[in-house]
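What the coordinates show
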Amino acid sequence: MKPIVELKNLSKSIGGKLLIDNLNLSLYPGQITGFLGPNGAGKTTTIRMMVGLMKPSGGDVIIDGVSLRDNFEEGMSKVGVIVENPEMYKYMTGYKNLLHFARMHKGVTKERIDEVVRQVGMQNRIHEKVGTYSLGMRQRLGLAQALLHRPKFLILDEPTNGLDPAGIREFRTYLRRIAETEGVSVFVSSHMLSEIELMCDRIAVIQNGKLIDIREMSETQGSFYYVEATPGERVEKLLAAQDFTVERFKGGFIVNAEQAQIPGLVRSMIAEGAEVFAVQPHKRTLEDEFLEMTGGGQIAETLTK
Amino acid sequence: MLKLLQNEWMKLWHKKGTWVMVALLVVITAGMMGLTKWIDTQRTDSMNQVGNASVAVSVGEQTDWKASVEGELAGVRAQLEDTSLTKSERKELEGEEKVLDYRLANSIEPLDQFSREAMVMDPSGISGTVLLLAVIVAAGIVAAEFSQGTVKMLLTRPVKRWKILTSKFMAVNLFGILLMLIGYIVLVALAFILFKSGDGQYLVWNGKEVVEGSIWGKSFYMLLLSFGSVFVTSAFAFTIGSVFRSSSLAIGLSLFIYFMGSTVTMLLSRYEVAKYILFTHMDLTQYETGYQMVEGISLPFSLAVLAVYVIVFLVISYTTFVQRDVKA
């Protein structure tokens, strides 16, 4: 598949400090890619370079085959952007704000504005001043302005900030739908790991300005079970003897066993005279993996932001 | 580009402040005219008292203007003695001499300064108010996008930055022109309502003979010249506002320059450098009113100097705006 967006050896240094170091990344149509990284890893800087708010010191951003450096206008005409909290002109109505941004794109008709307003469910309050909107409504308006020109690529920086759980869910299904039905490529940066986990097909992890991992969420990562049994040492030895990798976790062990092996495993433990309290499937969360990849430490800070 | 300008215009008029500015302009202009009227009535009252005492009012007034024209003529002639005058200066003075001569010979009174015609002929008084308001808009038009955070929305569009900046600069100037016109309309309307048409005539020397000059022609010309300071100062405010992203700094600096400018020029007027500083040329009406602060400058020279300054301002403004990394 041909990527919609390619970052090629993207670098940025400010004041002699290298913030982004040779970043290479491709984003494909119909795919939602999450962008993760601890604070100060360079997420925002990367996104700013992708949307033309910052100039790269080296490398290039290519959108649908067009380099932003060479042809900014054509490249950007395919990008929809929501950067952090969508700040709108508070003294104008939501509709006037959309009209304002529509005028900056080619071929966005009044009908298209109305259509997008309906899509984000704002038709009842679109003619009120943005200053009177709640944060959630501003987020909806922010989404509306990003969709006006039917972008092939949607880039979102912390999009669910300030949305209530129902709003987040609606937002998620909406993104999924436009990715699947219209083949839009979506790039989401977020601190909310659980959010990314639910929303994305793929995640890219950045640390210290370098891309450290890209992985498909659907990739089978092996099957794990949580086993709680006493006495601990005897059980550990027994499991190890059966060629399982065993890892201590809380009061029990994490074992990389397939479903079919479980009855045999339980039987052998009972035969050994061990007391079995629990055997349950164990799913490693994105948070676990993220901490493992970035070496923890900074994550506490990241999550509390 | 037209759409971008439309956007800027829409944003401008959706701010309450803009409407307040227009209201202020109307009130201040009307206030100035009212004040002039009041001064006029005070003057005529006292003159009438004097007139009653000496019985013949009309005779008194007539000798009055003749004496002042004679005085003026003597002044012009004295100036003409000066051999260091340039050709154009000499020509101008000779024209004045001809007009004054003609007045005395044919007994044609000059326009009274409180006549309707004199009010219409010099609308430059509104430029101060317009300048103040235009500077506020010019200073904020870029800076506000940064302070509100909307700049991120504005610059992530398929529109090159220089186009956005150009649309903003055009909006500022359009606003300045509109304010000038509004102020002018108020001024002319009140001149007609409050003041009587004078007995005198406006005369000019056209190179061959003395003829009656066009009051409206002069009026528009003065309006145009007084727009010069509005244009230059708002270009300055626009530059400061877009470079430092702070509208208060831009307003402060611009007004400081506007008010301190003439003082600086006065201090430096003896030196050659005075010819090249901005302040010397800001007030283009100096060539019509004759209050030139520095000698040896002409209207084309002033226009050239102003053009250089404005180009420098805009180059600074464009390069910083186009190159800037938007972080906030």
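See the structure above.
A brief report on the enclosed structure follows.

Calculation criteria
- Residues numbered from 1 in each chain as written.
- Chains lettered and ligands numbered in written order.
- Predicted model: local features only at pLDDT ≥ 70, side-chain atom pairs only at ≥ 80, totals over all residues.
- Heavy atoms only, no water.
- Helix = DSSP H or I, 4+ residues; strand = E, 2+ residues; numbered from the N terminus.
- Contact = heavy atoms within 4.5 Å.
- Areas by Shrake-Rupley, 256 points an atom, 1.4 Å probe, with all protein chains shown as cover.
- Lys, Arg positive; Asp, Glu negative; His and termini not counted.
- Charge placed at Lys NZ, Arg CZ, Asp CG, Glu CD.
- Buried < 20%, exposed > 50% of the residue type's maximum accessible area, 1.4 Å probe, protein only.
- Phe/Tyr/Trp six-rings, centres within 6.5 Å; stacked < 30°, edge-to-face > 60°.
- Lys NZ or Arg CZ within 6 Å of the ring centre and 35° of its normal.
- Patch = residues over 30% accessible without salt bridge, like charges linked within 9 Å, V, L, I, M, F, W, Y side chains within 5 Å.
- Salt bridge = Lys/Arg side-chain N within 4 Å of Asp/Glu carboxyl O.
- Polar contact = N/O pair within 3.5 Å; in protein donor to acceptor, adjacent residues only side chain to side chain.

When helices and strands are tallied, chain A shows 11 helices and 14 strands. Seen along its three principal axes, the alpha-carbon backbone of chain A occupies a region of about 75 × 50 × 35 Å. A fraction of 68% describes how many contacts in chain A between residues 6 or more apart in sequence connect residues 24 or more apart. For chain A, the accessible area works out to roughly 14100 Å², and carbon and sulfur atoms hold 49% of it. Between the mean site of the 37 positive side-chain charges and the mean site of the 38 negative ones, chain A shows a separation of 8 Å.

Residues and elements named next belong to chain B. Inspection of the secondary structure puts L187 in helix α8 (residues 161-194). Here L187 falls in the buried class, since its relative accessible area comes to 5%. Taking the C-alpha atoms as reference points, L187 and A30, separated by 157 residues in sequence, lie 6.9 Å from one another. Contacts of L187, omitting those with residues within four sequence positions, involve T29, M33, M119, P123 and I126.

What follows concerns the packing of aromatic side chains. All names here are of chain B. Going through the model one piece at a time under the given rule, you end up with 16 aromatic pairs over all chains. Ring centres 5.6 Å apart and planes at 45° place the aromatic pair Y184 and F220 in the tilted group. Within this pair, whereas Y184 is found in helix α8, its partner F220 is found in helix α9 (residues 215-244), the two being separated by 36 residues in sequence. Taken together, the ring pairs connect W9, W13, W19 and F175 into an aromatic cluster. Note that K37 overlies the ring of F195, its terminal NZ or CZ placed 5.4 Å from the centroid.

All names here are of chain B. Judged by side-chain charge, E72, D82, E89, E92, E96 and E295 come together as a negatively charged surface patch. Examined against the element boundaries, E295 turns out to sit in the loop between α12 (286-289) and α13 (299-323). What makes E295 exposed here is its relative accessible area of 72%.

Attention now goes to the side chain of H149 of chain A. Residues and elements named next belong to chain A. Turning to its location among the elements, H149 is positioned in the loop between α5 (135-147) and β7 (153-157). On the accessibility criterion, H149 (12% relative accessible area) is buried. Here V79 takes part through its backbone oxygen, which lies 2.7 Å from a polar atom of the side chain of H149. Of note is the side chain of H149, whose polar atom sits 3.5 Å from the side chain of H105. In this structure H149 touches S77, V79, G80, H105 and V108, once residues within four positions along its chain are discounted.

A side chain with one charge can pair with a side chain of the opposite charge if their charged atoms come near. Residues and elements named next belong to chain A. Going through the model one piece at a time under the given rule, you end up with 24 salt bridges over all chains. A salt bridge links E74 to K78; the shortest N-O distance between them is 3.7 Å. K78 sits in the buried class, given a relative accessible area of 17%. For E180, the salt bridge goes to R176, with nearest N and O atoms at 3.2 Å. Residue E180 and its partner R176 are located together in helix α6 (residues 165-182), separated by four residues, close to a single helical turn. Residue class for R176 comes out partly exposed when judged on its relative accessible area of 22%. Members of the salt-bridge network, linked through shared partners, are K2, D64, E74, K78 and K152.

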